[in-house]
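One letter stands for each residue in the lines below.
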Amino acid sequence: MANFVVRGCNPSPRIDVVVASPDSGIALHSTDYRGLLDVSVDTNQGPTQTEGSFQVFVPDSLPYPRADLTSEACAACTVVPVGHTPLVADVRAIVDTATASFVDDPTQPGVAWLQLTVGLRAIQLLETYVLRLSYEVGTVVPHHPSGT
């Protein structure tokens, strides 16, 4: 069975703002990440249907101190197919699921990075293709003027 392989991740400029919670007035740090993912399958066996998931760290993710990831912290995302190459390919793709989560950094205790997990189904009729996905991730965490 074929698996998905992330061939490239091209982030757009990150947007960071400080906002106030409408309920409590607490200062929150809101960050929006956007970009494009290029995904293919790890085989060139001809026409295939591939179902599965893949994970990728958001390349321009801020480092999030675990102590700041309280119940007020959240991450949400959307992922949609926006094209494929070669243009003559007959590719059909459906994003089944998409989640954004804070994942511990194994090299820095107490720090988390933003990870995107995408469930995808694709049918392609050519041996090789690259599917382009657009992603948008939004995070909201407590704001600390000296950090994230």
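All chains use their own residue numbering, which begins from 1 and follows the written sequence. With the structure being a predicted model, the display of local features is reserved for residues of pLDDT at least 70 and the display and counting of side-chain atom pairs for 80 or more, all residues being used for whole-chain, interface and lining totals. The side-chain values count all of the structure's non-hydrogen atoms but skip hydrogen atoms and water molecules.

Overview of the overall build of the protein
Formally: By definition, any uninterrupted DSSP run of H or I lasting at least four residues is a helix, any uninterrupted run of E lasting at least two residues is a strand, and each is numbered from the N terminus. With a 1.4 Å probe rolled over the protein chains alone, any residue whose accessible area is under 20% of its type maximum counts as buried; one over 50% counts as exposed, and the rest are partly exposed.
Helix and strand counts for the protein come out as zero helices and nine strands. Moving toward the C terminus, one meets the helices and strands of the protein in the order β-β-β-β-β-β-β-β-β. Burial analysis of the protein (148 residues in total) assigns 38% to the buried set.

Here's the deal with the nonpolar core
Operational definition: To form a nonpolar core, buried Ala, Val, Leu, Ile, Met, Phe, Trp, Tyr and Cys residues must be joined to one another through side-chain atoms within 4.5 Å. Residue contacts are counted whenever heavy atoms from the two residues lie within 4.5 Å of one another.
In this structure, Phe-4, Leu-37, Phe-54, Leu-116, Leu-133 and Val-137 are the most contacted members of the largest nonpolar core, which totals 30 residues. Of all the secondary-structure elements, those providing two or more residues to this core are strand S3 (27-41), strand S4 (48-57), strand S6 (74-85), strand S7 (91-104), strand S8 (111-124) and strand S9 (130-142). For this core, the element with the most residues is S8, which contributes six residues. Dropping the residues within four chain positions of it, Val-137 is found in contact with Thr-31, Asp-32, Tyr-33, Val-58, Ala-76, Cys-77, Ala-100, Leu-114 and Leu-116.

Considering the pattern of salt bridges
Heads up, the condition is: Salt bridge, as used here, is a side-chain nitrogen of Lys or Arg placed within 4 Å of a carboxyl oxygen of Asp or Glu.
Scanning the model with the defined rule gives five salt bridges in all. As a salt-bridge pair, Asp-16 and Arg-14 come within 3.0 Å of each other at their nearest N and O atoms. Exposure remark for Asp-16: the relative accessible area of 36% places this residue in the partly exposed category. Judged by its relative accessible area of 34%, Arg-14 is partly exposed. For Asp-96, the salt bridge is made with Arg-121, and the minimal N-O distance between the two is 3.2 Å. In this pair, Asp-96 is assigned in strand S7 and Arg-121 in strand S8, connecting sequence segments 25 residues apart. Accessibility expressed as a relative area gives 44% for Asp-96, which makes it partly exposed. Taking the relative accessible area as the measure of exposure, Arg-121 reaches 33% and is therefore partly exposed.

A closer look at the side chain of Thr-31
Here is the rule we go by: Residues adjacent in sequence count toward polar contacts only when both atoms are side-chain atoms; beyond that, a polar contact is any pair of N or O atoms within 3.5 Å, and within protein one must be able to donate a hydrogen and the other to accept it.
For Thr-31, the location among the structural elements is in strand S3. With relative accessibility at 1%, the residue Thr-31 sits in the buried group. Looking at Thr-31, its side chain comes within polar contact range of the side chain of His-29, at 3.3 Å. Beyond its immediate stretch of four places on either side in the chain, Thr-31 contacts Arg-14, Ile-15, Asp-16, Leu-62, Tyr-64, Val-137, Gly-138 and Thr-139.

Observations concerning a nonpolar patch on the surface
Going by this rule: Residues enter patches when their relative accessible area tops 30% and they take part in no salt bridge; the joining distance is 9 Å for like charges and 5 Å for the nonpolar side chains Val, Leu, Ile, Met, Phe, Trp and Tyr. Residue burial considers only the protein chains on display, and all accessible areas are found by Shrake-Rupley using a 1.4 Å probe.
A surface patch of nonpolar side chains, amounting to about 200 Å² of accessible area, comprises Ile-15, Val-17 and Val-19. Relative to the helices and strands, Ile-15 resides in strand S2 (residues 15-20). When its relative accessible area of 40% is taken as the criterion, Ile-15 is described as partly exposed.

Section: the side chain of Ser-61
Within the secondary structure, Ser-61 is located in the loop between S4 and strand S5 (64-65). A polar contact of 3.0 Å, which involves the side chain of Ser-61, links it to the backbone nitrogen of Leu-114. Not counting the four nearest positions on each side in its chain, Ser-61 is found in contact with Tyr-33, Trp-113 and Leu-114.

Quick notes on the confidence of the model for the protein
Inclusion rule: Every residue carries a pLDDT, the predictor's confidence in it, which falls somewhere between 0 and 100.
Averaged over every residue, the pLDDT of the protein is 87; the share at 70 or more is 90%. Summarising per-element confidence for the protein, the mean pLDDT is lowest in S4 (89) and highest in S5 (94).

Quick notes on the environment of Thr-78
Within the secondary structure layout, Thr-78 lies in strand S6. Taking the C-alpha atoms as reference, Thr-78 lies 9.5 Å from Val-95; in sequence the two are 17 residues apart. For Thr-78, the contacting residues outside a window of four places in its chain are Ser-134, Tyr-135 and Glu-136.

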